[in-house]
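# Chain and residue survey
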Amino acid sequence: MTPNTEQLAIIASRDPRIVVIAGAGSGKTATLVWRILHDITLKKVPPERMVAITFTTIAAAELQRRLDVHNIRLGFIGTLHAYALWNLGQYGFHLRYSGTPTVMDEESSTAAWKRVLAEQRVNLPLKTVKSYLGVKGTGAGHLVAKAFLRHMRAINAVDYDTMLAEFLALIKGGLIKVAALYVDEYQDSAEIDSRIYEALAAPIDIRLGDVDQSMYSFRGGSISHILAAASTATIF
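Residues numbered from 1 in each chain as written. Predicted model: local features only at pLDDT ≥ 70, side-chain atom pairs only at ≥ 80, totals over all residues. Heavy atoms only, no water.

Moving on, we come to the overall build of the protein. For the protein, the helix and strand inventory stands at ten helices and eight strands. Relative to a compact globule of 236 residues, whose C-alpha radius of gyration would be 18 Å, the protein shows 19 Å and is just as compact. Considered along the principal axes of its C-alpha atoms, the protein spans approximately 60 × 35 × 30 Å. Taking as baseline every contact in the protein between residues at least 6 positions apart, the subset at least 24 positions apart corresponds to 71%. Summed over its atoms, the accessible surface of the protein is roughly 11,900 Å², and 55% of this surface lies on carbon and sulfur atoms. In the protein, the 25 positive side-chain charges and the 22 negative ones have mean positions that sit 8 Å from each other. (Helix = DSSP H or I, 4+ residues; strand = E, 2+ residues; numbered from the N terminus. Rg over C-alpha atoms; globule rule 2.2 N^0.38 Å. Contact = heavy atoms within 4.5 Å. Areas by Shrake-Rupley, 256 points an atom, 1.4 Å probe, with all protein chains shown as cover. Lys, Arg positive; Asp, Glu negative; His and termini not counted. Charge placed at Lys NZ, Arg CZ, Asp CG, Glu CD.)

With that out of the way, let us pick up the side chain of Glu166. Inspection of the secondary structure assignment puts Glu166 in helix H8 (residues 160-172). On the accessibility criterion, Glu166 (1% relative accessible area) is buried. Polar side-chain contacts of Glu166 include one of 2.7 Å to the side chain of Arg153. The residues contacting Glu166, other than those within four sequence positions of it, are Leu88, Leu95, Tyr97, Leu149 and Arg153. (Buried < 20%, exposed > 50% of the residue type's maximum accessible area, 1.4 Å probe, protein only. Polar contact = N/O pair within 3.5 Å; in protein donor to acceptor, adjacent residues only side chain to side chain.)

Once that is clear, we can look at the environment of Phe236. Looking at where Phe236 falls in the secondary structure, it is placed in the segment after strand E8 (234-235). Once the C-alpha coordinates of Phe236 and Gln7 are considered, the two residues, 229 residues apart in sequence, prove to be 8.9 Å apart. Every residue in contact with Phe236, bar those within four places of it in the chain, is listed here: Glu6, Ala9, Ile10, Ser13, Ile18, Val19, Val20 and Ile21.

Not every positive phi belongs to a glycine, and Arg96 is a case in point at roughly 80°. Here the phi dihedral of Asn156 falls at roughly 55°; this positive angle occurs in a residue that is not glycine. Residue position: Asn156 is located in the loop between helix H7 (140-154) and strand E5 (157-158).

A few words now on the packing of aromatic side chains. Applying the stated criterion across every chain yields a total of four aromatic pairs. The rings of Phe76, Tyr83 and Phe167 are connected pair by pair, giving a single aromatic cluster. (Phe/Tyr/Trp six-rings, centres within 6.5 Å; stacked < 30°, edge-to-face > 60°.)

Turning our attention to the pattern of salt bridges. Side-chain pairs of opposite charge can arise where the charged atoms are in close proximity. Inspection of every chain in the model, using the stated rule, returns twelve salt bridges. Between Arg17 and Glu198 there is a salt bridge whose closest N-O contact spans 2.8 Å. Pair noted here: Arg17 is in strand E1 (residues 17-21) and Glu198 is in helix H9 (residues 191-200), with a separation of 181 residues, a long-range link. Assessed through its relative accessible area of 38%, Glu198 is described here as partly exposed. Where salt bridges share partners, they join Arg17, Glu198, Asp205 and Arg207 into one cluster. (Salt bridge = Lys/Arg side-chain N within 4 Å of Asp/Glu carboxyl O.)

Locating Gly92 in the fold gives a position in the loop between helix H4 (80-91) and strand E4 (102-103). What makes Gly92 buried here is its relative accessible area of 1%. Spatially, the C-alpha atom of Gly92 lies 23 Å from that of Thr57, the residues being 35 residues apart in sequence. Beyond its immediate stretch of four places on either side in the chain, Gly92 contacts Asn87 and Tyr97.

Take the pairing of strand E6 (residues 180-183) next. Neither face of E6 is open: one carries Ala180 and Tyr182, the other Leu181 and Val183, and all of them are buried. Relative to strand E7 (residues 204-209), E6 runs parallel, the two being bridged by four bridges. The residue bridging Val183 from the neighbouring strand is Arg207, located in E7. For the segment spanning E6, H9 and E7, crossover handedness is right-handed. (Pairing = 2+ DSSP bridges. Right-handed = clockwise from strand over helix to strand, strands pointing away.)

Our next topic: the sheet that holds strand E2 (residues 50-53). With respect to topology, six strands assemble into an open sheet ordered E3-E2-E6-E7-E1-E8, the strand pairing being parallel. In this open sheet, the two edge strands, each paired with only one partner strand, are strand E3 (76-78) and E8. Two elements, E1 and E7, share five bridges in a ladder whose sense is parallel. Pairing of Ile18 across the sheet is with Ile206, part of E7. Sheet strands in contact with helix H2 (residues 28-41) are E1, E2, E6 and E7, and its direction is about 175° off that of E7. (Axes fitted to C-alpha atoms, helices over the stretch in contact; angles between N-to-C directions.)

Right, dumping it as structure tokens:
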């Protein structure tokens, strides 16, 4: 299999920021593999400083399988939550975590949130309070979110929301640096996902998605993020 004209344009593009709009069966994964190989061999990007974010572990395994053919191992391939947790295990001590924090299940997380809300004497919907994680401010929601982070650090635990908020804090603290970032299924990214990718500020930033395939609005996924990224990037 060889790349077609459009895929060649993506592979060889010198633009640092690219958004690829491609549907199922369009050869998106193959294009991503070719682009990674191009960046390693011609742009001399160290593989250990390259990160590929997939939406599922199955997609990550398939991408790695294709790269194995070329004996390529990147710094990380996997979901955003897995990447966040890995970095918290490496650098979380800067935030007072000890080793890799325990991941709370949804039931335990909800109970912990409700306990903190009660302690802070704040009556706000849980979804609203969670939106303040990692956001600066002095309002009631901000104070609850900060109190919850303090609680989680004290018990060396995270839930899926605080995991990303704490990861963002590490990035903003200058602790996470990547030379190339590749994000697949970007149309299903949530607000904090997008903030993380922007904060990473990778010199090579490639995001792939299909605006007709967004299926995770229930977890904050929105095509608005891929459209916003496209407004400041070269689009293919």
